[in-house]
Amino acid sequence: MSECTHDCSSCGADCASRNKPESLLEAQNAFSNVKKVIAVVSGKGGVGKSLVTSLLAVLTRRNGHSTAVLDADITGPSIPKIFGIREKAMGTEDGILPVESRTGVKLMSVNLLLENDTDPVIWRGALIAGTVKQFWTDVLWGDVDFMFVDMPPGTGDVPLTVFQSLPVDGIIIVTSPQELVGMIVEKAAKMAKMMNIPVLGLVENMSWIGCPDCGKKIFPFGESQTAKVALEEGIPLLAQLPIDPAVAKECDTGVIELFNEDWMDPVISAVENCPKRIQN
Ligand SMILES: Nc1ncnc2c1ncn2[C@@H]1O[C@H](COP(=O)(O)OP(=O)(O)OP(=O)(O)O)[C@@H](O)[C@H]1O
């Protein structure tokens, strides 16, 4: 066989060079040094994915890390509101500057770029996916230990773009007990496997309510199937968060940084111990 010219168009050999998949990873700009990227996914909307993403950023920040949230939920962005951010993002000739929360979490969301928070984003999938990619390539993130990506629900264009373009090190799946947990977790786990990204664990949100009189845990949706599904899938169930009016109020009034419960502790440990993934 003649020597490899690395021009596969003129050669039919089935060699390692031909089979090497082309990386679609987008490089960071010269002003960004993001060390780990954690994607937060859910099967459907409204299960508390943005809440969990925000808490991950707030609590890792409280532990002394520099943290950021990339709001990839372009058509339903809720991160700025949860952090009580009203100002808009500014740009320099080098790129867009993230907005910093009160405790120093760096944020980028389409709502920080729109003139009015209530303006709808009526864009086609390719434009939406392109915007998410730009949030990675064109935002001047600076030094970030942990970036949390708030994904839109499901397994559409944007999750695919994020998993292909960003160096995601781990995935946290958020579910609620009334979801079709088995199917949703399996779908997310399969997607992660296809992308070769480890699932760090599951967070079940809205699992229980604390009785206001005696503190006893009440499970309004009955016995949760999440633990069983987690076991079957070999994914750790890291936390079960209650329905808590105080948390709802912290989200609605933009003061999530005041959150002061220990429910997320195992999730934070899993994230902090997540190894850096070797990217293909
Ligand atoms: N454990 C909880 N206790 C009380 N309220 C909660 C809890 N989790 C979420 N909520 C409230 O439910 C609403 C939806 O939460 P959130 O925006 O985090 O969901 P989401 O999965 O990101 O939704 P979407 O996909 O539509 O963005 C918010 O108003 C939030 O305050």
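A quick note: this is a predicted structure, and the numbers were derived from the prediction, not measured. (Residues numbered from 1 in each chain as written. Predicted model: local features only at pLDDT ≥ 70, side-chain atom pairs only at ≥ 80, totals over all residues. Heavy atoms only, no water.)

1. A short note on the pattern of salt bridges
For the structure shown, the criterion picks out eight salt bridges. Residues Asp145 and Lys35 are paired through a salt bridge, measuring 3.2 Å at the closest nitrogen-oxygen approach. Of the two residues, Asp145 is situated in strand 7 (residues 142-150) and Lys35 in strand 1 (residues 32-42); the sequence distance between them amounts to 110 residues. Assessed through its relative accessible area of 38%, Lys35 is described here as partly exposed. Where Glu186 meets Lys190, a salt bridge forms, and the shortest distance between an N and an O atom there is 3.4 Å. (Salt bridge = Lys/Arg side-chain N within 4 Å of Asp/Glu carboxyl O. Helix = DSSP H or I, 4+ residues; strand = E, 2+ residues; numbered from the N terminus. Buried < 20%, exposed > 50% of the residue type's maximum accessible area, 1.4 Å probe, protein only.)

2. Brief notes about unusual backbone geometry
Although it is not a glycine, Asn196 sits at a positive phi angle of roughly 65°. As for its position among the elements, Asn196 is in the loop between helix 6 (181-195) and strand 9 (199-210). Phi is positive for Met206, close to 60°, though the residue is something other than glycine. For Met206, a relative accessible area of 24% translates into the label partly exposed.

3. Observations concerning helix 4 (residues 125-137)
A rise of 1.5 Å per residue sets the reference length of helix 4, with its 13 residues, at 18 Å; its end C-alpha atoms lie 18 Å apart and thus fit the reference within 8%. On the buried face of helix 4, the contacting elements are strand 1, strand 2 (67-71), strand 6 (106-108), strand 7 and helix 5 (157-165). (Expected span 1.5 Å × (residues − 1). Contact = heavy atoms within 4.5 Å.)

4. Let's talk about helix 8 (residues 245-252)
All of the buried residues along helix 8 are Val247, Glu250 and Cys251. Looking straight down helix 8, one finds that the buried residues subtend no more than 100° of arc, so they occupy a single side. In helix 8, the exposed positions that point more than 90 degrees away from the buried face belong to Pro245, Lys249 and Asp252. Where helix 8 starts, the residue carrying a side-chain oxygen 3.1 Å from the main-chain nitrogen of Ala246 turns out to be Asp244. Once helix 8 finishes, Gly254 follows within two positions and takes phi at roughly 75°, a positive value. (Arc of directions from axis to C-beta. Polar contact = N/O pair within 3.5 Å; in protein donor to acceptor, adjacent residues only side chain to side chain.)

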